[in-house]
Amino acid sequence: MTIHHYDTVETFPDKRIPDPHQDAYSRSTLGFWIYLMTDCILFAALFVTYAVLKESTFGGPSSKDIFELKTAFIETMILLFSTVTCGMAVLAAVKGKMQSIRTWLGLSFLLGASFIFLELREFSHLVHEGFSWEKSAFLSSFFTLVGTHGFHVSVGLLWMAVMMAQISFCGVTVDTFRRLVLFSLFWHFLDLIWIFIFTFVYLLGVL
Amino acid sequence: MFGRLTKDAFIHDMAQNGAVAGMILGAIALIALISYLGRWKWLWREWITTVDPKRIGIMYIVVVLIMFAKGFADAVMMRMQQCVSVGDSFGFLTAEHFQEVFSAHGTTMIFFVAMGVVFGLMNLIVPLQIGARDVAYPFLNALGFWLFAAGGFLTLVSLAVGKFSIAGWLAYPPLSGLEYCPGEGIDYWIWSVQIAGVGSTLSGINFLVTILKMRCPGMTWMKMPIFIWSALCTNILVIFAFPILTATLALLTLDRYLGMHFFTAGGGGNPMMYINLIWAWGHPEVYIIMLPAFGIFSEVVPTFSEKRLFGYVSMVWALVIITVLSYIVWLHHFFTMGASPGVNTFFAITTMLIAIPTGVKLFNWLFTKFRGRVHFASPMLWFFAFVLNFSVAGMTGILLSAPPVDYQVHNSLFLIAHFHGMAIGGVLFGFFAGFTYWFPKFTGFHLDEKLNTYAFWCWFLGFLVAFMPLYMLGFMGATRRLDHYDVASWQSVFISAAVGVLIIFIGASIQLFGLFWSIKNRDKLRSGRDPWNGRTLEWSIPSPPPEYNFAIVPTVDQIDPLWATKRGQGPEQKKEYEDIHMPLNTPAGFFIGAISLIFGFAITWHIYWLAILAFVGIITCLIIRLSGKEVHGNITAEEVQRIEEAATT
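Enquirer: What am I meant to see in the overall build of chain B here?
Expert: The helix and strand tally for chain B stands at 19 helices and two strands. Scaling as 2.2 N^0.38, a compact globule of 649 residues should have a C-alpha radius of gyration of about 26 Å, and chain B matches this with 25 Å. Counting only C-alpha atoms, chain B reaches 75 × 60 × 50 Å along its principal axes. Out of the 649 residues in chain B, the part that is buried amounts to 59%. Intrachain contacts of chain B at a sequence separation of at least 6 include 82% that bridge at least 24 residues. Total accessible area on chain B is roughly 25200 Å²; 71% of this is exposed by carbon and sulfur atoms.

Enquirer: How should I be thinking about the overall build of chain A in this particular structure?
Expert: From N to C terminus, chain A includes seven helices and one strand. Along chain A, helices (α) and strands (β) appear in the sequence β-α-α-α-α-α-α-α when read from the amino end. Looking at chain A residue by residue over its 207 residues, the buried ones come to 52%. Within chain A, residue pairs in contact and separated by at least 24 positions form 80% of the contacts whose partners lie at least 6 positions apart. With an accessible surface of roughly 9600 Å², chain A has 70% of that area assigned to carbon and sulfur atoms.

Enquirer: I'm lost on the packing of helix α14 (residues 449–476) of chain B against helix α15 (residues 490–520) of chain B in this one. Help?
Expert: For any two helices packed against each other, the geometry is given by the interaxial angle and the distance between the axes. Residues and elements named next belong to chain B. It is the contact of α14 with α15, at a shortest axis distance of 7 Å, that shows an interaxial angle of 160 degrees. Our classification of the angle between α14 and α15 gives roughly antiparallel. Two packed elements cross with a definite hand, and for α14 against α15 that hand is left-handed.

Enquirer: What exactly am I supposed to notice about the packing of helix α4 (residues 69–95) of chain A against helix α5 (residues 98–128) of chain A here?
Expert: Residue and element names in this part refer to chain A. Running from N to C, α4 and α5 cross one another at 160 degrees; their axes reach a closest spacing of 8 Å. Taken together, the axis directions place α4 and α5 in an arrangement best described as roughly antiparallel. The interaxial crossing formed by α4 with α5 has left-handed handedness. Side by side, α4 and α5 meet where I74, E75, I78, L79, F81, S82, T85, C86, M88, A89, A92 and A93 of the first sit next to S100, I101, W104, L105, L107, S108, L111, S114, F115, L118, E119 and E122 of the second. Looking at side-chain class alone, the contact of α4 with α5 contains 16 nonpolar, five polar and three charged residues.

Enquirer: When you look at the nonpolar core in this model, what are you seeing that I'm missing?
Expert: Across soluble globular proteins, nonpolar side chains show a tendency to be buried alongside one another. With 262 residues, the main nonpolar core has F142(A), Y202(A), W281(B), W365(B), F386(B) and W459(B) as its most contacted residues. In contact with F386(B), not counting residues within four places along its chain, are M290(B), F294(B), F297(B), L362(B), W365(B), S391(B), G425(B), G426(B) and F429(B). Counting six residues, the second-largest nonpolar core is a separate cluster that includes Y548(B), M582(B), I635(B) and V640(B).

Enquirer: Which parts of the structure should I look at to understand the interface of chain A and chain B?
Expert: The accessible area lost on association of the parts is a frequent measure of interface size. Counting from both sides, the interface comprises 40 residues of chain A and, opposite them, 47 residues of chain B. Summing both sides of the interface, chain A and chain B together bury roughly 3600 Å²; the carbon and sulfur share of this comes to 69%. Where chain A touches chain B, the interface holds zero salt bridges. Remark: the boundary between chain A and chain B carries twelve residue pairs in polar contact (both at pLDDT 80 or more). For the side of chain A that touches chain B, the secondary structure elements donating two or more residues are β1 (2–5), α2 (23–53), α6 (137–170) and α7 (174–206) of chain A. It is α2(A) that contributes the most residues to the side of chain A that touches chain B, 16 residues altogether. Tallied by class, residues from the side of chain A that touches chain B come to 19 nonpolar, 14 polar and seven charged.

Enquirer: Teacher, can you tell me more about the confidence of the model for chain A here?
Expert: Predicted coordinates in areas of low pLDDT are best not read in detail. Per-residue confidence for chain A averages 88 on the pLDDT scale, and 89% of its residues sit at or above 70. Segment residues 1–21 of chain A: pLDDT under 50, and 41 contacts once partners within four positions in sequence are set aside and those in other chains are kept.

Enquirer: Could you clarify how one ought to interpret unusual backbone geometry in this entry?
Expert: Trans is the prevailing form of peptide bonds, just as negative phi is the prevailing case for residues other than glycine. Residue and element names in this part refer to chain B. In this chain, P173 is followed by P174 through a cis amide linkage whose omega measures 0 degrees. Positionally, P174 belongs in the loop between α5 (138–160) and α6 (185–213). At the junction of S543 and P544, the peptide bond is cis and its omega measures out at -10 degrees in the coordinates. Checked against the element boundaries, P544 lands in the loop between α15 and α16 (561–566). One non-glycine residue, E306, adopts positive backbone phi at about 50 degrees. Tracing the backbone shows E306 in the loop between α8 (271–305) and α9 (312–325).

Enquirer: What am I meant to see in the packing of aromatic side chains here?
Expert: Two aromatic rings, taken as a pair, are described by how far apart their centres are and by the angle between their planes. Residue and element names in this part refer to chain B. This model, assessed by the stated rule, comprises 90 aromatic pairs over all chains. Relative to F475, the ring of F414 has its centre 4.8 Å away and its plane inclined at 40 degrees; by these criteria the two rings are tilted. Residue F414 is found in helix α13 (residues 413–443), and its partner F475 is found in helix α14; the two are separated by 61 residues along the sequence. Taking the relative accessible area as the measure of exposure, F475 reaches 59% and is therefore exposed. Above the face of the W221 ring, R215 is positioned so that its terminal group lies 4.4 Å from the ring centre.

Enquirer: What am I meant to see in α7(A) here?
Expert: Within an α-helix, residues lying three or four positions from one another point in the same direction, as the helix has 3.6 residues per turn. All names here are of chain A. Over its 33 residues, α7 extends 47 Å from the first C-alpha to the last, a length consistent with the 48 Å expected when each residue adds 1.5 Å. By the largest-angle criterion, F198 marks the main kink of α7, which is about 30 degrees. With respect to burial, α7 is a largely interior element, 24 of its 33 residues being buried.

Enquirer: Please clarify how the pattern of salt bridges should be interpreted in this entry.
Expert: Any two side chains of opposite charge can pair, given that their charged atoms come close. Residues and elements named next belong to chain B. The full count for this structure, using the stated rule, is eleven salt bridges over all chains. With its nearest N and O atoms 3.7 Å apart, the salt bridge here joins K70 to D74. Taken together, the positions of K70 and D74, both in helix α3 (residues 53–84) and four residues apart, correspond to about one turn of that helix. The pair formed by K70 and D74 is uniform in burial state, with each residue classed as buried. The salt bridge partner of R535 is D560, with a shortest N-O separation of 2.9 Å. Residue R535 is found in the loop between α15 and α16, and its partner D560 is found in the loop between α15 and α16; the two are separated by 25 residues along the sequence. Using a relative accessible area of 4% as the deciding quantity, one classes R535 as buried. Since its relative accessible area comes to 11%, D560 is described here as buried.

Enquirer: Sorry, what's going on with the environment of H188(A) here?
Expert: Residue and element names in this part refer to chain A. Here H188 is to be found in helix α7. On the basis of relative accessibility, which here comes to 37%, the residue H188 falls in the partly exposed class. Along the primary structure H188 and F109 are separated by 79 residues, whereas in three dimensions their C-alpha atoms are 14 Å apart.

Enquirer: Looking at this structure, I do not really get the state of the cysteines. What am I missing?
Expert: Covalently bonding the sulfur atom of one cysteine to the sulfur atom of another cysteine gives a disulfide. One pass over the structure, following the stated rule, counts zero disulfides over all chains. Between C40(A), a cysteine without a disulfide, and C86(A), which holds the nearest cysteine sulfur, the sulfur-to-sulfur distance is 18 Å. What makes C40(A) partly exposed here is its relative accessible area of 31%. In this model C458(B) remains outside any disulfide bridge; the closest cysteine sulfur is found in C83(B), 19 Å from its own.

Enquirer: What's the story with a nonpolar patch on the surface in this structure? I'm lost.
Expert: Residues and elements named next belong to chain A. Where nonpolar side chains cluster on the molecular surface, the patch consists of F73, M77, L80, L192, I195, F196, F200, L204 and L207 and spans about 850 Å² of accessible area. Elements represented by at least two residues in the nonpolar patch include exactly α4 and α7. Per-element accounting of the nonpolar patch gives the leading share, five residues, to α7. Mapped onto the elements of the fold, L204 is located in helix α7.

Enquirer: What exactly am I supposed to notice about the environment of S89(B) here?
Expert: Residue and element names in this part refer to chain B. Assignment of secondary structure puts S89 in the loop between α3 and α4 (95–129). Given the relative accessible area of 31%, S89 is considered partly exposed. With 463 residues separating them along the chain, S89 and I552 place their C-alpha atoms 68 Å apart. When sequence neighbours within four positions are dropped, the list of residues in contact with S89 reads V84 and H484.

Criteria and thresholds
Residues numbered from 1 in each chain as written. Chains lettered and ligands numbered in written order. Predicted model: local features only at pLDDT ≥ 70, side-chain atom pairs only at ≥ 80, totals over all residues. Heavy atoms only, no water. Helix = DSSP H or I, 4+ residues; strand = E, 2+ residues; numbered from the N terminus. Rg over C-alpha atoms; globule rule 2.2 N^0.38 Å. Buried < 20%, exposed > 50% of the residue type's maximum accessible area, 1.4 Å probe, protein only. Contact = heavy atoms within 4.5 Å. Areas by Shrake-Rupley, 256 points an atom, 1.4 Å probe, with all protein chains shown as cover. Axes fitted to C-alpha atoms, helices over the stretch in contact; angles between N-to-C directions. Parallel < 35°, antiparallel > 145°, perpendicular 65-115°, else oblique. Left-handed = near helix turned anticlockwise from the far one by under 90°. Nonpolar A, V, L, I, M, F, W, Y, C, P; charged D, E, K, R; others polar. Core = buried A, V, L, I, M, F, W, Y, C linked by side-chain atoms within 4.5 Å. Buried area = accessible area lost by both parts, 1.4 Å probe. Salt bridge = Lys/Arg side-chain N within 4 Å of Asp/Glu carboxyl O. Polar contact = N/O pair within 3.5 Å; in protein donor to acceptor, adjacent residues only side chain to side chain. pLDDT = per-residue confidence, 0-100. Phe/Tyr/Trp six-rings, centres within 6.5 Å; stacked < 30°, edge-to-face > 60°. Lys NZ or Arg CZ within 6 Å of the ring centre and 35° of its normal. Expected span 1.5 Å × (residues − 1). Bend = angle between axes of the 7 residues up to and from the residue. Disulfide = S-S within 2.5 Å. Patch = residues over 30% accessible without salt bridge, like charges linked within 9 Å, V, L, I, M, F, W, Y side chains within 5 Å.

So, in structure tokens, the structure goes:
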């Protein structure tokens with residue numbers, strides 16, 4: 001077998017952006033959607049667990065005692081806004097504007113990082129108050145559900161850093177563009193999960 | 001430095017020392033053999049780094065054979081123990097060791113035998129039957145395999161270092177919690193299943209997209225072979241069930257490692273939630289291993305009846321309905337939980353409903369034979385045995401689905417007999433049928449038919465002798481997982497069951513011998529590309545298939561396209577050879593699998609520095625692999641032509 005390296009941008013010199021109906025591209029996107037659905041099921045299991053254990057406070061604090069809507073609301077806004085900037089980065093990639101991709105991705109990264117910072121601050125605050133995950137089943141399920149989302153966001157941050165490096169080194173190629181689109185799907189998905197967390201955990205928690 | 005790993009972990013009783021010594025000697029012998037033959041480079045280039053689904057499929061089968069040997073040894077030990085451990089005699093296994101044995105048996109057989117068979121067969125057959133040259137994500141596929149292998153290997157490691165779980169194959173809490181099982185056993189179980197489970201999810205995504213996106217021109221939904229339909233439904237089940245397993249295991253992990261209270265008896269935890277969650281995965285899992293067997297028989301029966309499958313459309317709908325229903329029956333595994341009559345009734349009815357599509361399938365196979373030209377080749381023998389065993393086990397399943405009956409026989413040997421009827425009489429016999437049927441496709445020669453027949457009769461009779469007594473014992477009040485009992489009258493029945501296992505052992509030995517015998521005499525057993533007068537696309541290409549499967553991507557316009565071609569029907573095919581792009585081999589899957597094994601071992605023993613190092617290693621491998629340019633190999637049209645002309649047989 002002869003080994004044949006090909007960069008598809010060379011194969012399609014007149015097009016910087018691949019045809020979205022091209023086989024490999026649509027296959028990747030479909031597969032990634034299906035992966036997101038598996039992740040969705042995973043979160044569903046955690047949401048159900050939280051719903052079942054929400055009242056199992058075991059003498060510890062209940063959701064009304066510990067949740068602060070203000071932080072959660074700020075976190076929500078930050079995450080929503082980072083989705084907007086992420087979308088702008090994809091639009092910039094369509095136009096092939098390198099500088100603007102870097103700016104928008106960088107902004108998304110900062111927003112994502114500040115979200116994680118706020119979440120960790122909330123967690124450490126709770127632990128300092130003596131309300132750690134060991135206290136009750138309710139707190140276990142709360143830390144796990146919100147923490148799993150936070151873990152996903154952290155993975156997203158790592159991915160974003162890798163994407164920025166890739167785009168800086170390789171430019172917008174068929175591969176990097178496809179990866180950027182998949183990343184954007186992932187980031188939007190996390191946003192959606194957070195909306196559910198905000199509603200079911202925080203909003204319904206303080207009511 | 002070594003976490004909880006101390007010298008005690010290496011101290012075992014005689015039986016286990018023997019097994020460990022055997023394992024180590026086997027490994028040394030294997031390494032010596034490969035070195036002697038000078039095959040390391042070949043092994044690395046052709047197998048370990050491969051992304052060819054045909055080779056990955058074969059590697060799945062090899063891992064399955066190893067794991068099956070272990071699971072079978074566990075079964076033999078249990079049968080021996082229960083033969084003698086009555087009254088004043090306590091057998092040769094301690095209660096704790098016995099618990100380890102039955103936990104390991106179930107875990108091995110479901111996660112590392114049945115799941116390996118499912119994905120191994122899909123790797124081998126799916127691309128060939130849909131007229132594809134490859135799967136959708138070759139690297140992901142290889143990664144899925146290596147994670148599966150890593151999980152399996154971790155259970156083998158537990159044999160040599162420390163102990164395995166004592167909490168049964170599903171590790172129910174609170175027994176599996178920190179309070180009652182502080183040791184490494186449950187952690188071994190968690191991490192081997194978790195690693196293999198992630199691999200299964202990835203493989204599931206790969207095969208779903210493969211079937212959705214890579215069928216050859218003209219193969220519309222209702223023209224797919226039934227095996228492909230069964231694979232499609234199986235992968236849908238995998239995708240929507242395995243994440244629940246991942247989450248459930250993660251919660252148990254958090255309970256055990258971080259002192260959380262999901263399933264603990266104290267702290268507000270709820271053990272029954274674990275049981276609900278695990279069976280929300282577990283019942284779809286039953287069909288994940290069962291549906292491919294249905295698919296195999298739907299290929300075998302028409303071929304050996306020389307007749308189109310009866311009721312294709314009803315077969316498809318039966319599969320789809322089973323897929324949907326399998327998500328809403330999980331509670332029948334624990335009717336005795338004490339849910340309200342309304343809840344139990346709902347789950348009893350959904351369970352009974354599954355019998356309808358299943359019955360449809362059985363009758364379709366039987367009607368396929370009606371007025372067909374039935375050949376009694378060994379795949380067909382497995383089918384006949386399957387019909388009997390599956391009907392009996394299905395009927396007892398219907399009995400169990402009625403809550404009042406279930407209350408009587410819950411967790412008794414009656415249940416054990418029922419699900420072994422499904423797992424052996426259904427899944428395993430189906431796999432054997434498929435193995436014999438497709439073996440010539442991938443090797444170019446048959447398995448020795450006479451030995452196959454002997455093995456079949458041993459398995460069939462052995463199964464009946466081993467498991468029919470368990471139905472009786474269940475009614476007599478014997479519960480599962482007994483390391484000792486006081487009722488003297490049970491002993492003779494237990495002995496009969498042990499005799500059955502002995503007969504099965506003879507059958508399995510004949511099969512293994514037959515495999516080597518056939519390899520040795522392969523020149524006499526040459527099969528050609530279409531040994532069975534087949535009906536589907538895989539029989540239209542050389543045996544073994546070339547790397548790219550189809551030199552010319554076929555066009556189809558009906559079910560059983562090859563059968564149509566043989567009769568001069570079917571659409572016109574392209575004639576020109578073309579350049580073929582193939583993915584290049586990569587060691588990334590193997591590395592990630594190997595590091596996952598290290599990770600699993602380190603975290604089981606709380607060696608955190610190593611676990612963190614391994615985790616970072618996995619992430620690094622992934623980033624490197626996923627940052628690279630897409631690189632393909634190219635096989636030129638001339639080369640394709642040369643290969644095709646060399647393989648005219």
